[in-house]
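Secondary and tertiary structure notes
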Amino acid sequence: MDQPSHDNDWQSGFVARVVASFARVTGGDLVREAGLDPAALGRSAWDGDFALLTHDLNAILTYGNRFALDLWEMDWKTLVQTPSRLTAPEEDRAARAVIMAAVARDGFTRAYTGRRVSRSGGFFLIENATVWTMTDEEGAGFGTGAFFTSIKRL
């Protein structure tokens with residue numbers, strides 16, 4: 001997937017799939033929770049003051065909005081080649097794996113808190129993240145999404 005831009009309508013089609021999946025799996029309304037503009041879905045997701053990330057079924061990151069890119073200190077090209085487990089410090093990856101297994105089993109969690117590491121080695125804490133298994137209209141999985149608004153620099 002190319003970096004969201006005016007030329008590709010800010011990846012609105014993909015963001016719409018993510019938003020629809022969030023509703024299907026969690027029963028929540030990501031448009032409301034994130035304050036997205038339904039008329040400019042892709043652009044408002046890209047420019048939002050929250051983190052929205054996805055990874056595919058191989059756990060390689062496929063999307064991160066500008067907020068997420070800034071947190072992890074990555075450009076788009078780097079982000080979409082990164083295994084999602086590498087967003088956590090090595091010593092925290094086992095705990096992350098437990099949460100990811102619970103999400104795979106239960107469909108989602110709304111209370112995930114965990115330490116993360118940026119590309120330069122800086123640490124931050126994400127709090128009360130919603131992590132969910134993304135599914136399409138037929139129930140087939142197409143990855144995992146994460147949404148959070150609360151971070152603390154460590």
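The structure reproduced in this document is the subject of the present report. (Residues numbered from 1 in each chain as written. Predicted model: local features only at pLDDT ≥ 70, side-chain atom pairs only at ≥ 80, totals over all residues. Heavy atoms only, no water.)

A look at the pairing of strand 4 (residues 123-135)
Bridge count for strand 3 (residues 108-117) against strand 4 is 7 bridges, and the pairing is antiparallel. Across the sheet, residue Phe 108 finds its bridge partner in strand 4, namely Trp 132. From the end of strand 3 to the start of strand 4, which pair antiparallel, there are 5 residues, and Gly 121 there has a positive phi angle of about 100 degrees. For strand 4 and strand 6 (residues 150-153), the ladder comprises 4 bridges, and the chain directions are antiparallel. Bridge assignment links Glu 127 to a residue of strand 6, and that residue is Ser 150. Of the pairings in the sheet, the one linking strand 4 to strand 5 (residues 141-148) comprises 6 bridges and is antiparallel in character. Note that in strand 5 the partner of Thr 130 across the bridge is Phe 147. (Pairing = 2+ DSSP bridges. Helix = DSSP H or I, 4+ residues; strand = E, 2+ residues; numbered from the N terminus.)

Here we look at the pairing of strand 2 (residues 61-64)
In this structure, strand 1 (residues 51-55) lies alongside strand 2, joined through 3 bridges in antiparallel fashion. Across the sheet, the residue bridging to Thr 54 is Tyr 63, located in strand 2. Adjacent in sequence and paired antiparallel, strand 1 and strand 2 are bridged by 5 residues, among which Ala 59 carries a positive phi angle near 60 degrees.

With respect to the side chain of Ser 84
Within the secondary structure layout, Ser 84 lies in the loop between helix 5 (76-79) and helix 6 (93-106). Owing to a relative accessible area of 4%, Ser 84 belongs among the buried residues under this scheme. Of note is the side chain of Ser 84, whose polar atom sits 2.9 Å from the side chain of His 55. In this structure the side chain of Ser 84 is engaged in a polar contact, spanning 2.8 Å, whose partner is the side chain of Arg 96. Among all residues touching Ser 84, those that are not within four sequence positions of it are His 55, Ala 59, Leu 61 and Arg 96. (Buried < 20%, exposed > 50% of the residue type's maximum accessible area, 1.4 Å probe, protein only. Polar contact = N/O pair within 3.5 Å; in protein donor to acceptor, adjacent residues only side chain to side chain. Contact = heavy atoms within 4.5 Å.)

Remarks on unusual backbone geometry
Phi is positive for Ala 59, close to 60 degrees, though the residue is something other than glycine. Note on placement: Ala 59 falls in the loop between strand 1 and strand 2. Judged by its relative accessible area of 28%, Ala 59 is partly exposed. For Asn 128, which is not glycine, the phi dihedral falls at a positive 50 degrees. Mapped onto the secondary structure, Asn 128 falls in strand 4.

Re the environment of Pro 83
Along the chain, the position of Pro 83 falls in the loop between helix 5 and helix 6. Look at Pro 83 and you get buried, because its relative accessible area is 17%. Linking Pro 83 and Val 19, residues 64 residues apart in sequence, is a C-alpha distance of 22 Å. The residues contacting Pro 83, other than those within four sequence positions of it, are Ala 59 and Ile 60.

Remarks on the packing of aromatic side chains
Under the counting rule described, the total for this entry stands at 7 aromatic pairs. When the ring of Phe 22 is compared with that of Trp 132, the centres are 4.9 Å apart and the planes differ by 85 degrees; the resulting orientation is edge-to-face. With Phe 22 in helix 1 (residues 12-26) and Trp 132 in strand 4, this pair connects stretches of sequence that are 110 residues apart. This pair shows no difference in class: Phe 22 is buried, exactly as Trp 132 is. When the ring of Tyr 63 is compared with that of Trp 76, the centres are 5.9 Å apart and the planes differ by 80 degrees; the resulting orientation is edge-to-face. Taken together, the positions of Tyr 63 in strand 2 and Trp 76 in helix 5 put the pair 13 residues apart, joining distant regions of the chain. The residues Tyr 63 and Trp 76 share a single accessibility class, namely buried. Taken together, the aromatic side chains of Phe 14, Trp 46, Tyr 63 and Trp 76 make up a single cluster linked through ring pairs. The ring of Phe 142 carries Arg 17 above its face, with NZ or CZ at 3.9 Å from the centroid. Above the ring of Phe 123, the side-chain terminus of Arg 115 is found at 4.5 Å from the ring centroid. (Phe/Tyr/Trp six-rings, centres within 6.5 Å; stacked < 30°, edge-to-face > 60°. Lys NZ or Arg CZ within 6 Å of the ring centre and 35° of its normal.)

That's the geometry; what it means functionally is another story.
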